[in-house]
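Chain by chain, the residues run as shown.
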Amino acid sequence: MCRVLCACETERGGSFLQCCYEEILRPLPRPLCYRTLEGAVDTATALLKLQWDHIFFTGSVSVGKIVARAAAENLTPVTLELGGKCPVIVDENTNIDTAAKRIIWGKCVNAGQTCIAPDYVYCHKNQMSTLIDRMRQHIKDMYGEDPEQSDCFARVINKIHYNRLKALLSDGTVTVGGETNDETCYIAPTILTNPVLDSKLMSDEIFGPILPILEYEDINSVLKFVRSRQKPLVCYLFSNSAKLIDEVKKKVSSGTLDVNDCLMHMMVPTLPFGGVGHSGMGKYHGKASFDQFTHHKSVLHKPIGMESVNNLRYPPYDAEWKQNLMYSLAYYKPSAPTGSGFAKYAVTSTMAGAAFAYAYTWPGSSGSGSGGQ
């Protein structure tokens, strides 16, 4: 089996993929099982026209739709990890300082350029000012007085996305940060208040170090807003209320629900990761990755003998005894006897079940197998 890896948007992405191949995949015992292709949109388009056993794509919703349409032409199964706008709900009943620290860290990893980065925050109005103050302080603690000089804070990947993000700064009130550098594609960790709800800031995935914050008084209004948007890849909730946690768990459809932390679900290999609806389809990580790329082929291996038992299934079916027996097998569900009659019932049922099982299967040779065609 051969795996082909391709960066499908930019030449720079293809070069990065080639570096990953040289550093990670080539030293493996069977490097010939993997191939990387450098290129851009034209390369990916050509690959999508071919017949594959499975296609895995991570990227934007718009490109994900293109991949899904192309895969449908060959009836190829796909795994799509697309992202979207991941909401953060900050309850009044939580540790605001810890919540602020974890949200800022989650937002600023790779300058917010991750599909699971917190996209916008809904904070209870009684904690709004405190949350912003603590976020401001934690930005200083993590990246210093001037984050542009910090070795720990990344830059926006290219000019196209830099200009897109810079334009979003006008869709709200800059409360923290807002500094930019056109030459280095630097945008400071930025907090926006009073965001315009029908703007691109609140409708498109931000994918950068800009965090809009809104306040709420009634949690039902927040849940209504989140549910009115496309289903997110992750929903973050900071709360000590078991009632609220259960309510969000039941009412908000998302790929993952993180309670009292950000991003850390990615570190748990036993947690399948993936989206729902516009945030993607399919799950991977840990055993879920193996299952996602495995065809579970069912195999039944029967003995050729015991045909006298099998005669029941063959026509003609006009014999009264055959009709009565088939009807009984299909519809009759006797209750198990108790007391002295149980032993006789158990022995008879076991012997009958063993006879039919032997007639219809070969012991040890039936079930589900992985792989194959």
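Higher on the page you've got the structure.
What counts and how
Along each chain, numbering runs from 1 in the same order as the chain's sequence is written. Restriction of local features to residues with pLDDT of at least 70 applies here, the model being predicted, together with a cutoff of 80 or more for giving and counting side-chain atom pairs; totals for whole chains, interfaces and linings are based on all residues. The side-chain figures draw on all heavy atoms in the structure; neither hydrogens nor water molecules are used. Here the axes come from fitting lines to C-alpha atoms, over the contacting stretch only for helices, and the angles between their N-to-C directions go from 0 to 180 degrees. Only DSSP runs of H or I covering at least 4 residues are called helices, and only runs of E covering at least 2 are called strands; the numbering of each starts at the N terminus. Convention used here: angles under 35 degrees read as roughly parallel, angles over 145 as roughly antiparallel, angles from 65 to 115 as roughly perpendicular, and any remaining angle as oblique. By the definition used in this description, the sense in which the near helix is turned from the far one sets the handedness, with an anticlockwise turn below a right angle giving left-handed and a clockwise turn giving right-handed. Note on contacts: a residue pair is in contact if any heavy atoms of the two residues lie within 4.5 Å. Polar here means any residue other than Ala, Val, Leu, Ile, Met, Phe, Trp, Tyr, Cys and Pro, which are nonpolar, and Asp, Glu, Lys and Arg, which are charged; Gly is therefore polar. Pairs of strands are assigned from DSSP output, requiring at least two bridges between the strands.

### Comments concerning the packing of helix α4 (residues 96–108) against helix α5 (residues 128–143)
Piece 1. At their nearest, the axes of α4 and α5 sit 8 Å apart, and the two run at 55 degrees to each other. For the element pair α4 / α5, the angle class is oblique. The handedness of the crossing between α4 and α5 is right-handed. The residues of α5 that touch α4, namely those facing Ile 96, Asp 97, Ala 100, Lys 101, Ile 103, Ile 104, Trp 105 and Cys 108, are Thr 130, Leu 131, Arg 134, Met 135, His 138, Ile 139, Met 142 and Tyr 143.
Piece 2. When its residues are assigned to classes, the contact of α4 with α5 shows 11 nonpolar, two polar and three charged.

### Quick word on the sheet that holds strand β4 (residues 78–81)
Piece 1. As summarised here, the arrangement of the three strands in space is β3-β4-β14, forming an open sheet in which the pairing is mixed. Because the sheet does not close on itself, it has two edges, and the strands there are β3 (55–58) and β14 (280–281).
Piece 2. Taken strand by strand, helix α3 (residues 61–73) contacts β3 and β4, and its axis lies near 170 degrees from that of β3.

### Let's talk about the packing of helix α8 (residues 219–228) against helix α9 (residues 242–251)
Two measures define how a pair of helices packs: the angle their axes make with one another and the distance between the axes.
Piece 1. It is at 11 Å that the axes of α8 and α9 come closest, and there the two elements cross at 25 degrees. When the axis of α8 is compared with that of α9, the two are roughly parallel. α9 is crossed by α8, and the crossing has right-handed handedness. Within the contact between the two elements, α8 uses Ile 219, Asn 220, Leu 223 and Arg 227 and α9 uses Leu 244, Glu 247, Val 248 and Lys 251.
Piece 2. Classifying every residue of the contact of α8 with α9 by side-chain character gives four nonpolar, one polar and three charged.

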